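A closer look at the structure
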Amino acid sequence: MDLLINDKKYNVAAEPGESLLNVLRNRLDLTGSKYGCGEGSCGACTVLIDGTAARSCITPAGTTVGKKIITIEGVAKNGELHAVQKAFLRADAFQCAYCAPGMVMSAVSLLGKTASPSETQIKAAMQGNICRCGTYPRIMKAIQEAANI
Amino acid sequence: MKEQKEKDPIAPEQYELRSPPPYEFSMNRRNFFGVLGSGLAITFTLGNLPGAALSGAETYNEDSVAAWIHINGEGKVTVYSGKAEVGQNIRTSLSQIVAEELHVPIDKITMVLGDTALTPYDRGTFGSRSIPYMGPQLRKAAATAREILLDMAASEWKADRASLFIEAGEIRQRASGKAINIGQLTKGKQLMKPVNDNVPVTPGDQWKVTGTSVPKVNGESFLTGKHKFTSDMALPDMLHGKMLRPPAYGATLLSADISAAKSMKGVTVVRDGDFIGVLAADLMVAGKALKAIKTEWKIPEHPSRDTIFEFLKAHAEKAEGSDNDSSRDIASGFDNAAVRESQTFYIDYIAHAPLEPRAGLAQWSGNKLTVWTGTQRPFGVQEDLAEVFNIPKENIRVIQPDTGSGYGGKHTGEAGIEAARLARDAGRPVKVVWTREEEFTWAYFRPAGVIEVKAAAASDGAVTTWEFQNYNSGGSGIETPYAVANKKIQFHPVASPLRQGSYRGLAATANVFARESVMNDLALQLNMDPLTFRLKNLKDERMKDVLEAAARKFNWGESKVAAGHGVGIACGSEKGGYVATCAEISTGDDGEVKVERVVVAFECGAIINPGHLENQIQGAVIQGLGGALFEYIDFKDGRILNPFFSKYRVPRFGDTPQLDVVMLNRKDIPSAGAGETPILGIAPAIRNAIVDATGKKLYTLPLIPKGLT
C-alpha cells in the first residue's frame, strides 16, 4: 500500500489489519511514535491523520491510504521546531519523556482545531495521553503557552 | 538491616538489596586513554582507595561510588558514571555539579551513563542515592580536576598560581589577560590523577550552576522523537522475539507443540525447558508463530485478591524491627489511655506501569555479548547475564539507553536476558519488547500488606503508646517520627504469592499512610487540630518546618472549608527528605472523590535544580494519587485480571488537582535525593480529607477503588 507520511510517499508491504504504529516503527524505522499499550488507551502512539490526533496502535494502516499522516518526525519544519515543541522545551516539561511525542501530537491536533483552548478543553483533549511520571502541570503550562503565541 | 540503617539513614532496604558482584574495573589505564584519547583523567572511588584505576583488578566493596572525569584536547569534558537515567533527570543534575566545580559551560559536558564497558561499577540507581552519594563525589572529582588544571597553567606560564583563575573552560590570568583553554593544557598528555578528598568545593551559598533550573540537557531529542529508547533500537539482520508466557502464576508446562510455529516461513523457535520463544524478522509473523504454539499447563492453587490479606497474615515470618522484643507488653499503657485507636489497614499490590515496557536488544559476537536494555541496574543485569550464560562478565557489555521510567520497577533485566538467550540460538541480534499485558503481569509489584496499629494518647495530646505491625509491605518508613516512649514496631516478611519488589518510596507509601491516618483519628478524638497534634508530638525541626510551610501555603485552619469539601494533612520523612502534604477534596453524588487542591512542602537539603525538583515533587504527588484513590492489581487463581490501561486506572490530566509546591532550600544541609519521598504524604492527606468531609474513615489503599460508597 502507499502511505503519505510527513509529506513523503512510502510503499509498504503491510499485513492485513496491521496497525499503523507497527508499520511506522518496524517497517519504516519511524520510531518517534511509541508503543505504550496497544489498545489506544495511553496516547504514546498518537499521530495526526488528516490533522486529527489518532492512536496509531489501533488504526489499521490500510485505513490511512490516501490520507495525510504526520508523525512526531514531521512536525518540525525545515529544521525549526513546531511551536508546541518549543513550548514543551521552555516548560522543561518532561521526566523520562517517553510520552513526549504523543503529548506533542495531541497538543498539535488540539491547537489546530482550537486556537485558544480553555483549561477544561485542554484536559479533555489530553485525557487520553498518559504521563506516568505525572508531569501534567508542566504539559498544561506548555500547551497554554503554545496557544498564546 | 537494622545495623546498616543505623549507620546510614538512607541505606537501601530489603527489597533493594541484592548480592552485588565483586568489583573490577573493566577499563585500565592503557585502554582508558586508548578509548578516550589523551588528556586529563580524574578517577576515584568512595574511600579513595589508592591507585584505584591504575591497577586494573582491585576488588572494592559494594558501596563503591565511582566515576571518571576526562578532559580531552578540545576541552570537551566527559563524565563516566554507572548511574542510570530513567527520567529523574540525573544526567542534568550531575552535569550541573561538574560544570559548577570545573567552571566549564554545561554544553561542553557529556555524561556517559549506565554502560558497563565505559563506566565504573555502580550497583544501581535506586534509593534516591544519586544526588547524596554520586553528587558529592563528582563534585570533588571536578574540583580536583580544576585544581590540577590551575597547577598545570601556573607551571606552564611560570606564573604565580594565586594570580590565576578558571572560567568558561579557560585558565585566565587577571593582570596579563592571558588565557588558555583547558583542552590545550591537557592536549597530548596522558595524566591520570586520583581525586583529592580534601579539595575545596564550592559552598552552597556561592553556587552559580547548581541551585539553578538548568533544563533537561538532552530534552530536544525526546521532543523530536530522535532519542532511541531500547524499544526503538534496531540492528542489521535483527529478529523480533516473542516469549511464551504461562497463563497464571506458578503454572508449569505439561506439553508444548511447537511444530506448527516451526514450520512457518521465516520463524525460528527456541526451546530450553519451559523457556520457549519465537523469532522472526517481522514482528507480526513472530506474533502469529507464538499463537500457533499449542500448550497444556498445570496451574497450581494460588491466592486471589479476595483472600490475599488472610494469606499474608497466615504466612508471616519472624518479625524484625526496631523494637523486636515481642514478649514486651505495651497493652496496659494502651488500655489505660485517654483515647485509643486500634485499626487494621489493607494495602493492595500496585504496578509501576512505566510507559516504556521492558525491552532488550542482544547481540553475540563469538562468546562476547552486548545487551541494550532499560534497567535501573545495568551492572546487575550484567551479573545476571554472566550467571545464566555461565560466561565471565568481562565478556558482557550492558548498555542502558535513557529509559522510559522505572519508579523502582526496573531493577531487573528480563527482556535483555530473554533477547540474549534467543539471540544465542539465532546467531543474529534479537530484540524483545514486552507488551503492556506482559509488563503488568510479569514485572513485579509494590508489595501488598496488612498493617495493624494500636495507638493511644493522653488527654493533653501526647502520644503515649504506639504499636505497629506490618505484614509484607516492608520496613521503609515504619518508624514513627513522633516522640513516644511506649512503642513496639515490627515488620513481618512474607513469601509473596505475586512477584514483588521496589516501588517509589518503598513500603513508606503504606507505612506513612497507616501512621498518618491513625494520627489524624487520634487528633479527632482529642478534639485537637491534626496539625497542632502533630507539632506537639514532633521533635524533629525539619519535619515541623515542612508541616508549617505546607499549612501556611494551604491556609490550614484559617479559611472555611466549603460544604461537601474536606481537608487533610500528613507528613513523612525518608531518605534524607521531609514532606508535608495538605489536600482538599470534594465528593460528588457519583461516589467520585475529586482532589481539588494540594499543597506539598518538601525539604531535601540544598537544592541542586529547583525546576527539576518541583517537577519530581509534582510527579510524585500525581503518581501517588493513583495509589491513593484507585490503583490496584486484581488477581484470581494466579491470573492478573486487569493487565491493561483500560482496566488499570492511572492518573490522567483530569485527575490533576491545583498543585502548589513549596520547596525549602537548606543550603546548610547536604543534598538528599528527591525522587521518592514526596510521594509519601498524598494518600494519607486525601484519606484524612475524606474523613473531614464525610466522617468516613477508610483503611485501604487504594481508598476508593469502586468510588465512595
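Check the entry above for the structure.
My aim in this report is to walk through the structure given alongside it, one point at a time. In this numbering scheme, every chain counts its residues from 1 along its sequence in written order. As they are written, the chains are lettered A onward and the ligands numbered 1 onward, keeping that order. In view of the model being predicted, local features appear only for residues whose pLDDT reaches at least 70, and side-chain atom pairs are presented and counted only at 80 or more, with totals across whole chains, interfaces and linings using the full set of residues. Heavy atoms throughout the structure, all of them, feed into the side-chain values; hydrogens and water do not.

**Remarks on the overall build of chain B**
Secondary structure is summarised from DSSP: a helix means a run of H or I of at least four residues, a strand means a run of E of at least two, and numbering begins at the N terminus for each. Looking only at helices and strands, chain B features 19 helices and 30 strands. Projected onto its principal axes, the C-alpha coordinates of chain B cover approximately 80 × 75 × 50 Å. Relative accessibility decides the category of a residue: with a 1.4 Å probe and only protein chains considered, values under 20% of the type maximum give buried, values over 50% give exposed, and everything between is partly exposed. When the 709 residues of chain B are sorted by exposure, 62% land in the buried category. We call two residues in contact whenever any of their non-hydrogen atoms come within 4.5 Å of each other. Within chain B, contacts between residues separated by at least 24 positions form 76% of all contacts whose residues are at least 6 apart in sequence. Accessible area of chain B: about 25,900 Å², with a carbon and sulfur share of 49%. A distance of 4 Å separates the average location of the 81 positive side-chain charges in chain B from that of its 83 negative side-chain charges. Every accessible area reported is derived by Shrake-Rupley at a probe size of 1.4 Å, with residue values counting cover from the shown protein chains alone. For the purpose of charge, His is not counted, nor are the chain termini; Lys and Arg are scored as positive and Asp and Glu as negative. Charge coordinates come from a single atom per side chain, which is NZ of Lys, CZ of Arg, CG of Asp or CD of Glu.

**What to know about the layout of surface pockets**
Residues are said to line a cavity or pocket when one of their atoms sits within 4 Å of a point; the points come from a 1 Å grid over protein atoms alone, cavities being sets where a 1.4 Å probe fits but cannot get out and pockets being open sets with protein on both sides within 12 Å along at least five of seven lines. Grid points are joined across faces, edges and corners, and a volume is the space filled by probe spheres set on the points. There is about 1,200 Å³ of room inside the largest pocket. Along the walls of the largest pocket sit 41 residues, with Y35 of chain A together with K242, G287, T435 and E438 of chain B positioned nearest its centre. For the lining of the largest pocket, the secondary structure elements donating two or more residues are α1 (20–27) of chain A together with β9 (239–243), α9 (283–291), β19 (430–433), α14 (436–442) and β28 (639–640) of chain B. Element by element, the count of residues in the lining of the largest pocket is highest for α9 of chain B, at 6 residues. Across the lining of the largest pocket, the residue classes tally to 19 nonpolar, 12 polar and 10 charged. Classification used: nonpolar for Ala, Val, Leu, Ile, Met, Phe, Trp, Tyr, Cys and Pro, charged for Asp, Glu, Lys and Arg, polar for all others including Gly.

**Remarks on empty space enclosed by the protein**
Residue and element names in this part refer to chain B. Overall, the coordinates contain 6 cavities of 30 Å³ or more when judged by the stated rule. Within this model, the largest cavity holds a volume of roughly 600 Å³. Taken together, 40 residues line the largest cavity, and the ones lying closest to its centre are Q88, S128, Q616, A674 and G675. Residue assignment for the lining of the largest cavity shows that the elements contributing at least two residues are α4 (90–102), α5 (130–157) and α18 (610–629). Within the lining of the largest cavity, the residues separate by chemical class into 15 nonpolar, 21 polar and 4 charged.

**With respect to the nonpolar core**
F88, F94 and M103 of chain A together with W466, I633 and I686 of chain B are the most contacted members of the largest nonpolar core, which has 175 residues in total. A total of 9 residues in this core trace back to one element, the largest contributor, which is helix α15 (residues 508–525) of chain B. Buried residues of nine kinds, namely Ala, Val, Leu, Ile, Met, Phe, Trp, Tyr and Cys, make up a nonpolar core once their side-chain atoms join them within 4.5 Å. If you look at the next biggest cluster of nonpolar residues, it comprises 41 residues, including V79, I109, L185 and W207 of chain B.

**Here's the deal with the packing of helix α2 (residues 83–91) of chain A against helix α5 (residues 136–147) of chain A**
All names here are of chain A. The angle between two axes is taken between their N-to-C directions and runs from 0 to 180 degrees, where each axis is a line fitted to C-alpha atoms and a helix contributes only its stretch in contact. The geometry of α2 relative to α5 is characterised by a closest axis approach of 8 Å and an angle of 135° between their N-to-C directions. Looking at the two axes, α2 sits oblique to α5. Classified by chirality, the crossing of α5 by α2 is right-handed. Within the contact between the two elements, α2 uses A83, V84, A87, F88, R90 and A91 and α5 uses R138, I139, A142, I143, E145 and A146. When the residues that make up the contact of α2 with α5 are grouped by side-chain class, the tally is 9 nonpolar, no polar and 3 charged. By definition in this entry, angles of less than 35 degrees are roughly parallel, angles greater than 145 are roughly antiparallel, angles of 65 to 115 are roughly perpendicular, and the rest are oblique. With the far helix as reference, a near helix turned anticlockwise by less than a right angle produces a left-handed crossing, and one turned clockwise produces a right-handed crossing.

**What to know about the environment of K8 of chain A**
For K8 of chain A, the location among the structural elements is in strand β2 (residues 8–11). The spatial distance from the C-alpha of K8 of chain A to the C-alpha of I69 of chain A is 9.4 Å, given a sequence separation of 61 residues.

**Some thoughts on the side chain of Q382 of chain B**
Residue and element names in this part refer to chain B. In this fold, Q382 is placed in helix α12 (residues 378–389). Judged by relative accessible area, Q382 falls into the buried class, the value being 7%. Q382 has contacts with T116, K393, I396 and V398, leaving out every residue within four places of it along the chain.

**Looking at the interface of chain A and chain B**
Of the residues lining the interface, 50 residues belong to chain A; the matching set on chain B comes to 59 residues. Here chain A packs against chain B, burying approximately 4,300 Å² in sum over the two surfaces, 54% of which is carbon and sulfur. Summed over both partners, the accessible area lost on bringing two parts together, with a 1.4 Å probe, is the buried area. On the chain A side of the contact with chain B, Q95, R132 and Y136 of chain A bury the most area, a combined 20% of that side's loss. By salt bridge we mean one thing: a side-chain nitrogen of Lys or Arg within 4 Å of a carboxyl oxygen of Asp or Glu. Our enumeration of links across chain A and chain B arrives at 7 salt bridges. Linking R132 of chain A and E631 of chain B is a salt bridge whose minimum nitrogen-to-oxygen distance equals 3.0 Å. Of all the secondary structure elements, the ones that give two or more residues to the side of chain A that touches chain B are α1, α2, α3 (100–113), α4 (119–126) and α5 of chain A. The dominant element in the side of chain A that touches chain B, judged by the number of residues it contributes, is α5 of chain A, at 5 residues. Grouping the constituent residues of the side of chain A that touches chain B by class yields 25 nonpolar, 13 polar and 12 charged.

**A word on the sheet that holds strand β23 (residues 486–492) of chain B**
All names here are of chain B. For two strands to count as paired, DSSP must find a minimum of two bridges between them. What the 5 strands build is an open sheet, ordered β23-β22-β21-β14-β30; its pairing is mixed. Both outer strands of the open sheet, β23 and β30 (700–701), are each paired with one neighbouring strand and no more. Alignment of strand β14 (residues 339–347) against strand β21 (residues 449–457), held across 9 bridges, turns out to be antiparallel. By the bridge assignment for β21, I347 is matched with G449.

**A word on a negative patch on the surface**
All names here are of chain B. A cluster of like negative charges, contributed by E301, D306, E310 and D637, occupies part of the molecular surface. By the element assignment, E310 lies in helix α10 (residues 308–314). Residue classification places E310 among the exposed residues on the basis of a relative accessible area of 53%. Patches were defined on residues exceeding 30% relative accessible area and lacking a salt bridge, with like-charge contacts within 9 Å and nonpolar side-chain contacts (Val, Leu, Ile, Met, Phe, Trp, Tyr) within 5 Å.

**Observations regarding α18 of chain B**
Residue and element names in this part refer to chain B. Helix length check: α18 (20 residues) gives 28 Å between terminal C-alpha atoms against 28 Å at 1.5 Å per residue, within 8%. Within α18, 18 of the 20 residues are buried, which leaves it mostly tucked inside the rest of the structure. Capping of α18 at its N-terminal end is provided by N609; its side-chain oxygen lies 3.2 Å from the backbone amide nitrogen of G611. Helix span is expected to be 1.5 Å times the residue number reduced by one. The definition of a polar contact used here is a pair of N or O atoms within 3.5 Å, where within protein one atom must be able to donate a hydrogen and the other to accept one, and adjacent residues in sequence count solely through side-chain atom pairs.

**Observations concerning the environment of G127 of chain B**
Here G127 of chain B is to be found in the loop between β4 (109–113) and α5. A relative accessible area of 2% means that G127 of chain B is categorised as buried.

**Remarks on the sheet that holds β9 of chain B**
Residues and elements named next belong to chain B. Ordered in space as β11-β12-β9-β19-β16-β17-β18, the 7 strands form an open sheet in which the pairing is mixed. Taken across any chain shown, the strands that pair with only one partner, and hence form the sheet edges, are β11 (268–272) and β18 (396–399). The sheet shows a mean angle of 20° between the axes of neighbouring strands, taken without regard to direction. In this structure, strand β16 (residues 359–365) lies alongside β19, joined through 4 bridges in antiparallel fashion.

**Points about helix α17 (residues 541–554) of chain B**
Residues and elements named next belong to chain B. For α17, spanning 14 residues, the distance from its first C-alpha to its last is 20 Å, which sits close to the expected 20 Å at 1.5 Å a residue. Here α17 has its buried residues at R542, M543, K544, V546, L547, A549, A550, A551 and F554. Buried positions along α17 lie against α16 (530–537), β24 (565–574), β25 (577–587), β26 (593–603) and β29 (658–664). Taken from the residues just after α17, N555 is the one with a positive phi, measuring 60°.

**Comments concerning the packing of α15 of chain B against α16 of chain B**
Residues and elements named next belong to chain B. Closest axis-to-axis distance for the α15/α16 pair is 9 Å, and the angle between their directions is 110°. With respect to α16, the element α15 is oriented roughly perpendicular. Where α15 crosses over α16, the two elements pack in a sense that is right-handed. Here E516, M519, N520, L522 and A523 of α15 come into contact with α16, specifically with P530, F533 and R534. In terms of residue class, the contact of α15 with α16 is built from 5 nonpolar, 1 polar and 2 charged.

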